[in-house]
Amino acid sequence: MAENVLRRIVFGKPVKSILFVDQKNTDASAICEILARNRIRQERRYAGILVSSAGFSAENGLEMSARAAGFLARKGFDTDKFRSKKLTEEMIDGYELVLTMEMGLKGMILFLRREIPVYTISEYALSGGDFEDFETMDDAQYIKACEELSGMIEGVLKRATRNTVI
């Protein structure tokens with residue numbers, strides 16, 4: 001019931017801040033942050049959206065993983081300034097929308113902050129599936145997952161900037 005109310009609220013109005021969350025904030029959520037920031041800079045219709053990322057069990061200040069940095073470098077992105085951030089309750093409160101990479105993290109965040117709109121990225125983008133553990137993927141799976149995330153970012157930003165009710 002409560003999630004249905006939140007779904008109407010979140011899907012029913014544009015949001016101006018999105019937090020991407022995974023476990024360590026060195027792979028999937030970091031990639032989402034970089035890709036989303038780039039799309040926001042490129043597309044005027046997305047102007048004003050604040051995006052960031054964090055990890056549920058992250059260490060503050062770590063660089064992006066070598067595979068994530070390599071994937072983004074092949075797409076022309078500089079990741080030198082990126083540093084991981086540990087998820088805090090204050091951070092959760094500072095964003096209108098929290099998108100996790102998998103259902104387990106969504107549940108943990110809802111346990112901390114029941115009133116916050118939290119979705120998996122695939123739920124919100126209405127495509128794909130969960131991204132549970134980037135570290136154990138072989139290189140081919142990793143690239144495929146990164147490409148899938150890249151495609152989801154456009155769906156996330158489109159949904160976040162329009163009045164939609166599902």
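Look up: the structure comes first, before these words.
A brief report on the enclosed structure follows. Predicted model, so just to flag it, every value in this text is computed and none were measured. (Residues numbered from 1 in each chain as written. Predicted model: local features only at pLDDT ≥ 70, side-chain atom pairs only at ≥ 80, totals over all residues. Heavy atoms only, no water.)

1. With respect to the side chain of R113
Quick note on the threshold: Secondary structure elements are defined from DSSP: runs of H or I of at least 4 residues count as helices, runs of E of at least 2 residues count as strands, and each element is numbered from the N terminus. Classification of residues uses two cut-offs on accessible area relative to the type maximum, computed with a 1.4 Å probe and protein chains only: under 20% is buried, over 50% is exposed, and between them is partly exposed. Pairing of N or O atoms within 3.5 Å defines a polar contact, subject to two protein rules: one partner must be a possible hydrogen donor and the other a possible acceptor, and residues neighboring in sequence count only if both atoms are side-chain atoms.
Counting through the fold element by element, R113 comes out in the loop between α5 (103-112) and β4 (118-120). For R113, a relative accessible area of 16% puts it in the buried group. Here D93 takes part through its side chain, which lies 2.7 Å from a polar atom of the side chain of R113.

2. Overview of the layout of surface pockets
Let me state the cut-off plainly: Cavities and pockets were defined on a 1 Å grid built from protein atoms only: a cavity is a group of points that admits a 1.4 Å probe but offers it no way out, a pocket is an open group of points flanked by protein on both sides within 12 Å along at least five of seven lines, and a lining residue is one with an atom within 4 Å of any such point. Grid points are joined across faces, edges and corners, and a volume is the space filled by probe spheres set on the points. Under this grouping Gly is polar, as are all residues other than the nonpolar Ala, Val, Leu, Ile, Met, Phe, Trp, Tyr, Cys and Pro and the charged Asp, Glu, Lys and Arg.
Empty space within the largest pocket amounts to approximately 170 Å³. Around the largest pocket, the lining comprises 15 residues; the ones closest to its centre are Q23, K24, E132, D133 and F134. Looking at side-chain class alone, the lining of the largest pocket contains five nonpolar, three polar and seven charged residues.

3. What to know about unusual backbone geometry
We note that N25 has phi near 60°; this positive angle belongs to a residue other than glycine. Along the chain, N25 falls in the loop between β1 (17-22) and α2 (28-42). In this structure, L126 takes a positive phi of about 60° despite not being glycine. Relative to the elements of secondary structure, L126 occurs in the loop between α6 (121-125) and α7 (139-160).

4. A look at the packing of α2 against helix α3 (residues 66-74)
Selection criterion: Angles shown run from 0 to 180 degrees and are taken between the N-to-C directions of axes, each axis being a line fitted to C-alpha atoms and, for helices, limited to the stretch in contact. By definition in this entry, angles of less than 35 degrees are roughly parallel, angles greater than 145 are roughly antiparallel, angles of 65 to 115 are roughly perpendicular, and the rest are oblique. Helix crossings are classified by the rotation of the near helix relative to the far one: an anticlockwise turn of less than a right angle makes the crossing left-handed, while a clockwise turn makes it right-handed. The contact criterion used throughout is that any non-hydrogen atoms of two residues lie within 4.5 Å.
The interhelical angle for the contact between α2 and α3, taken along N-to-C directions, is 20°, at an axis separation of 10 Å. Between α2 and α3, the angle falls in the class roughly parallel. In terms of crossing hand, the pair formed by α2 and α3 is right-handed. Note on element contacts: α3 touches α2 through A68, F71 and L72, opposite I31, I34 and L35. Considered class by class, the residues forming the contact of α2 with α3 number six nonpolar, no polar and no charged.

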